[in-house]
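So you can see what is in the structure, the chains are spelled out below.
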Amino acid sequence: MLKYQTPTGMHDLFQKDLEQVAKIEQLAKKMADFYGFEKIETPILEFSEIFEKGTGGSTDIVEKEMYSLKTKGGDLLTLRPEITPGVVRAYSQAGMQNLPKPVRLWYLGPCFRHERPQAGRYRQFNQLGFESLGTPHPIIDTITILIFYNLLKSLGFKKLIVEVSCIGDGQCRGAFKKALTNYFRSKVSSLCADCRNRLKRNPLRVLDCKEEKCCVVKKNAPQVLDYLCKDCSDHFKSLLEFLEELEIPYSINPYLVRGLDYYTRTVFEIIEDTEEGKVQGSLAGGGRYDGLVKLLGGKDTPACGGAMGVERVINLIKAKNKQAEKEKQTCEVYLTQVGELAKKKALKLFEQLRQANIKAGEGLHKESLSAQLGAADAMKAKYSLIIGQKEALSNQVIIREMKNGRQKVVDIDKVIKELKNKI
Ligand code: HAM
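Residues numbered from 1 in each chain as written. Predicted model: local features only at pLDDT ≥ 70, side-chain atom pairs only at ≥ 80, totals over all residues. Heavy atoms only, no water.

1. Digging into the sheet that holds strand β2 (residues 45-47)
Spatially, β2-β4-β3 is the arrangement adopted by the 3 strands of the open sheet, whose pairing is antiparallel. Strands with a single pairing partner mark the edges of an open sheet, and in this sheet they are β2 and β3 (67-70). Each neighbouring strand pair of the sheet contributes to a mean axis angle of 35°, computed without reference to strand direction. Relative to strand β4 (residues 76-79), β3 is paired through 4 bridges, and the arrangement is antiparallel. Residue pairing across strands places Lys70 opposite Leu76, the latter belonging to β4. (Pairing = 2+ DSSP bridges. Helix = DSSP H or I, 4+ residues; strand = E, 2+ residues; numbered from the N terminus. Axes fitted to C-alpha atoms, helices over the stretch in contact; angles between N-to-C directions.)

This is the structure:
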């Protein structure tokens, strides 16, 4: 093994990957221009405090996953685990609260989380995000979801699931948290050690836990939608009506709380409804964060946004391309031959297969029969046609059914007819 490799969970991006990133960025720019978003780039390092306060002290991100450092000058900085708090800081720092509302900003750049690497989960990854600051109206939440939905559709994702929920606000969250705490306290012995700890700090985080035993307990937990105040409930209803108007298929997930502390009211996640999509996890996620600007020292400003994981999207696009490539390769019959005379006969037969419109592959340049049969397998041919030296001399062909190895010997001038009957 090479001594120097990329750090765990971090990757080199090569030309092909960078072309995908550029394509995603181009599409995002088109979308941003249409919906009136301006691009912003914030520093990769921010004061740790904006994440500790903003992302939230009880989150896994802040508790376990931040790359933090002390500079020579004594500043405590963190490699951003997400970009929203940086954008919120920039909004106030640049006096954007004085601009016409909403202020719409978009970004694409690297984030860092010291997570356990697994499929779709890296320690350095890129997020593409859209944030709208200054308007409480649910139309903003709708447009945020619409942008990610459209973006993913344009990138070729056909089976998308948009999960939505409303997690209340300062008025109603308290009652829900209390009910949740009481419920989880009554089941505390069935929770994992982390969740017992989470319960003391923020019971909502228990809903986030992926441990199987906690998932079992979660199933009967109180649901936030039963605790919403009228304002939150109206907001959520409007959002759902707008989504229906736009024909965005959504599903309400009452246990969706998302792993960040700043959300109020709307939360959403978009996943691809395929095996691979579920393995990768959410492609995009976000929600409303009406308290964050004030929490980070700015003016009281309602806001909403979301971010998409660029690598997860690229992984799924790659998987789709691979599948399409496989399907493209598929042929109905694969022509194999052994020996010079057989090669000549096969060449002629290949031409007859083309004229008969039978999708055929060939290994005319190959000598070994097993290599040719391997290629027939790889191309998922239903039948392989074998012309060995004996068959070449007797003007015959072996038709071999690939799935069970059954063989039939046929005269070479009857092969096309025989195949037409079979296919
Ligand atoms: P998030 O759900 O933590 O939200 O991340 C957004 C997206 O980033 C996820 O849906 C996923 O695609 C991707 N992502 C997250 N962690 C990783 C990882 N370790 N490896 C690869 N991809 C990952 C946020 O970060 C919020 N700032 C979103 C937001 C914006 N909310 C409001 N505005």
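2. A word on the sheet that holds strand β10 (residues 284-288)
Adjacent strands of a sheet pair through backbone hydrogen bonds, lying either parallel or antiparallel. Pairing is mixed across the open sheet formed by 8 strands, whose spatial order is β1-β5-β6-β11-β10-β9-β7-β8. Since the sheet does not close on itself, it has two edges, and those belong to β1 (38-39) and β8 (250-252), each with one partner. Where strand β5 (residues 103-112) and strand β6 (residues 124-133) come together, 10 bridges link them in antiparallel fashion. Residue pairing for β6: Gly109 is matched across the bridge by Gln127. Most of the contacts of helix α9 (residues 230-245) go to strand β7 (residues 160-166), to which it runs at about 160°, and overall it touches β7, β8, β9 (266-272) and β10. (Contact = heavy atoms within 4.5 Å.)

3. Describing the domain arrangement of the protein chain
Split by domain assignment, the protein chain resolves into domain 1 (15-172 + 228-322) and domain 2 (329-422). When each unit is reduced to the centre of its C-alpha atoms, the spacing between domain 1 and domain 2 is 55 Å. (Domains from an automatic or database assignment.)

4. Some details on the pattern of salt bridges
Side chains bearing opposite charge may pair, as long as their charged atoms lie close to each other. Tallied over the entire structure, the rule returns 24 salt bridges. Note that Lys403 is salt-bridged to Glu401, the shortest N-O span being 3.6 Å. Residue Glu401 is classed as buried on the basis of its relative accessible area, which comes to 18%. Because the salt bridges share partners, they merge into one network encompassing Asp60, Lys64, Asp194 and Arg198. (Salt bridge = Lys/Arg side-chain N within 4 Å of Asp/Glu carboxyl O. Buried < 20%, exposed > 50% of the residue type's maximum accessible area, 1.4 Å probe, protein only.)

5. Some words on helix α16 (residues 415-422)
Every α-helix carries 3.6 residues per turn, so stepping three or four residues along brings you back to the same face. By the burial criterion, the buried members of α16 are Val415, Ile416, Glu418 and Leu419. Buried residues along α16 cover an arc of 160° about the axis, so they all sit on one side. Summarising the geometry of α16, the exposed residues directed more than 90 degrees from the buried face are Lys417 and Asn421. Contact partners of the buried residues in α16: β12 (333-337), α13 (340-355), β14 (383-387), β15 (396-401) and β16 (407-411). (Arc of directions from axis to C-beta.)

6. Here's the deal with the site of the ligand
Surveying the vicinity of the ligand reveals 27 residues, the closest of which are Glu82, Thr84, Glu115, Arg258 and Tyr263. Thr84 is positioned with one of its side-chain polar atoms (N or O) 2.8 Å from a nitrogen atom of the ligand. Within the backbone of Gly305, one N or O atom sits 3.5 Å away from a nitrogen atom of the ligand. Considering the ligand on its own, with 650 Å² of exposed area, one finds that the protein chains cover 97% of that surface. Secondary-structure elements contributing two or more residues to the shell around the ligand are β6, β10 and β11 (303-309). Residues belonging to the shell around the ligand are distributed by class as follows: 10 nonpolar, 10 polar and 7 charged. (Near = heavy atom within 4 Å. Polar contact = N/O pair within 3.5 Å; in protein donor to acceptor, adjacent residues only side chain to side chain. Areas by Shrake-Rupley, 256 points an atom, 1.4 Å probe, with all protein chains shown as cover. Nonpolar A, V, L, I, M, F, W, Y, C, P; charged D, E, K, R; others polar.)

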